[in-house]
Amino acid sequence: MSIPITIIWDLTAKCNLKCIHCFNVDRYTSPFYGTKNELSTTDAKLAIDKFSDAGVKHLHLLGGEPLFRKDVVEILTYAKKKNLVVSINTNGVLLDEHFSQKLLDIGIDQVVVSIDGATSKTNDLIRGRGTYKRIIKNMVTLKEMSEKYENEMNAGIAFTLLKQNLHEAPSMLDLADSLKVDVIDIMELYISGRAKEEEKRFKYSQKERIEILEKVAKKIRERKYSFLVQMDIPLSLVKYLNWRYSIDIFFHSRNMGCKAGEEMWYMQAEGRVLPCGMVNNPLYSNSLVKKKVYILENLNILEVKDLEEIENSGLFKTFQEFKNKMKEKYRRTCSSCRFNEECSPCPIVYYDYEVIPECEAVFKREKDFINMWLNKTVYLRHDIHYKKNRNGVIKVWDKKYNNYRKIGGSGKLIWNSIVKQNKKVKELVHEVSSYYTIIPSIEEIKRDTVKFIYELYLSDWIEIL
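Described in the following lines is the structure provided in the data block.

About the thresholds
Residues numbered from 1 in each chain as written. Predicted model: local features only at pLDDT ≥ 70, side-chain atom pairs only at ≥ 80, totals over all residues. Heavy atoms only, no water. Salt bridge = Lys/Arg side-chain N within 4 Å of Asp/Glu carboxyl O. Buried < 20%, exposed > 50% of the residue type's maximum accessible area, 1.4 Å probe, protein only. Pairing = 2+ DSSP bridges. Helix = DSSP H or I, 4+ residues; strand = E, 2+ residues; numbered from the N terminus. Contact = heavy atoms within 4.5 Å. Axes fitted to C-alpha atoms, helices over the stretch in contact; angles between N-to-C directions. Core = buried A, V, L, I, M, F, W, Y, C linked by side-chain atoms within 4.5 Å. Phe/Tyr/Trp six-rings, centres within 6.5 Å; stacked < 30°, edge-to-face > 60°. Parallel < 35°, antiparallel > 145°, perpendicular 65-115°, else oblique. Left-handed = near helix turned anticlockwise from the far one by under 90°.

## Digging into the pattern of salt bridges
Per the counting criterion, the structure on display carries 32 salt bridges. Here Asp 383 makes a salt bridge to Arg 381, at a shortest N to O gap of 3.2 Å. For Arg 381, a relative accessible area of 23% gives the class partly exposed. Ionic contacts of the salt-bridge type, sharing partners, join the residues Lys 207, Glu 211, Glu 214, Arg 244 and Arg 365 into one network.

Spelled out as structure tokens, the structure:
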């Protein structure tokens, strides 16, 4: 049996907020999704027993608002007694000193609070009047209490990109820094529920997204924040940002190959178990179900003997077959992509696509960037201090970080060349191609050379014209 590592669980359908972009607003009112019911305390514990007995390691609790359940402390306590890793996504409104103490006492492993603006004006427009002030106050309290009791609970914030808050994405890094969080998760807008009702109002263009996330990436490079930055966006875009700005943004695991129905399962509030939340989302999967691409069944955790029964169901088996076919499809249609082996687009969202439009936008951006830099002329700054040892190793003084940084590989060739005279980047590409015994593709050499030159530029070691 393939045991899921993580169960994503809507602990309740109820919520104390009415966020303008809520993706779950119709999940518990549509027959296609399920019902408004939620598991009782006894049934929730029974579900936890079945997960624990099967070897599940991690429960990730969502909603609705999970802290809105009156028995949430009892459920969380029971899950921890079963030695499960427990993480919670909350809107933070109820996370006062009393609740924070409870979570710390129970030993919750991670609490992630949703904040959708770096200012009260933007956040409250999206999440409701007065929420920003309460959330920030509660986050500060949680961190202070965690530090006071030397608790190892991980705290983070989740920021969902919308047209209304896109401009504040870079400022969210400073907010995360001031709150002393461990992680910030920057997420794509999920087009469902209220977001679908007014999609044009919320949705941003590919160009807008790339441009604002480049500003985020540049700020990460300049500030070198102590917290982890994770992005729930296409893998190609995270790779591009890491490449261009020499940083280390993490990408959500589901963007490195679909884990639905394998390492990750999803359970709705009433106990219905699915491979993921997209499987029964009529906005995406209605046509797939009608075509019998996979069989949609109502598998409730209370009505099965164990998780093996769910795994062997028609839904999970046909969904896995569907995933495998889609993987084969994208191995062909995306065969020229250098991320082909590690990336696997959502099979449901991209069922009718031959190519991934988000990736095309990223690769065009990268190509335009490389072509622009090929015609730049590089000048070494006169105030740069560097030294070279007997073995030709070059160390350049970085005044920003008050230390020397080493230049190796073909970078030494480029550095020595621009020390002698000003050079166009395309001339340096030609010189670099002679460095290799086995010559890579010219496109790869262009890419690596431009990246190195841009790194020198961001480090203020060169000027360009």
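The discussion continues.
## Points about the sheet that holds strand β6 (residues 183-187)
Pairing in this open sheet of 10 strands is mixed, and the strands run β8-β7-β6-β5-β4-β3-β2-β1-β9-β10 from one edge to the other. The open sheet has two edge strands with one neighbour each: β8 (250-251) and β10 (273-274). Pairing analysis gives 5 bridges linking β6 to strand β7 (residues 228-232), with the strands arranged parallel. Note on β7: the bridge partner recorded for Ile 186 is Met 231. Across the sheet, helix α1 (residues 41-54) touches β1 (6-10), β2 (58-62) and β9 (264-267), and the angle it forms with β1 is around 165°.

## Some details on the nonpolar core
Among the nonpolar cores identified, the biggest contains 144 residues, and Trp 9, Ile 115, Leu 213, Met 231, Ile 301 and Trp 415 are the most heavily contacted of them. If we skip the residues at most four places from it in the chain, Leu 213 touches Leu 161, Ile 186, Met 231, Ile 233, Leu 237 and Leu 241.

## Describing the packing of aromatic side chains
Within this structure, the stated rule accounts for 21 aromatic pairs. Between Phe 322 and Tyr 351, the ring centres sit 6.0 Å apart and the planes meet at 45°, which makes this aromatic pair tilted. Remark: Tyr 351 occurs in the loop between α13 (314-333) and α14 (357-374) and Phe 322 occurs in helix α13; sequence separation between them is 29 residues. Judged by relative accessible area, which is 4%, Phe 322 ranks as buried. Looking at Tyr 351, the relative accessible area reads 24%, which means it is partly exposed. With centroids separated by 6.3 Å and ring planes inclined at 85°, the aromatic side chains of Trp 415 and Trp 461 adopt a geometry described as edge-to-face. Taken together, the positions of Trp 415 in helix α15 (residues 410-420) and Trp 461 in the loop between α17 (442-458) and β16 (462-464) put the pair 46 residues apart, joining distant regions of the chain.

## As for the sheet that holds strand β12 (residues 386-388)
The 3 strands lie next to each other as β12-β13-β14, forming an open sheet whose pairing is antiparallel. Each edge of the open sheet is held by one strand with a lone partner, namely β12 and β14 (403-407). Strand-to-strand, the axes of this sheet are offset by a mean angle of 25°, without reference to chain direction.

## Some thoughts on the packing of α15 against helix α16 (residues 425-433)
Taken N-terminus to C-terminus, the directions of α15 and α16 make an angle of 135°; their axes are 10 Å apart at the nearest point. Of the possible angle classes, the one that applies to α15 and α16 is oblique. Relative to α16, the crossing made by α15 is right-handed. Along its contact with α15, which presents Ser 410, Leu 413, Ile 414, Ser 417 and Ile 418, the element α16 presents Leu 428, Glu 431 and Val 432.

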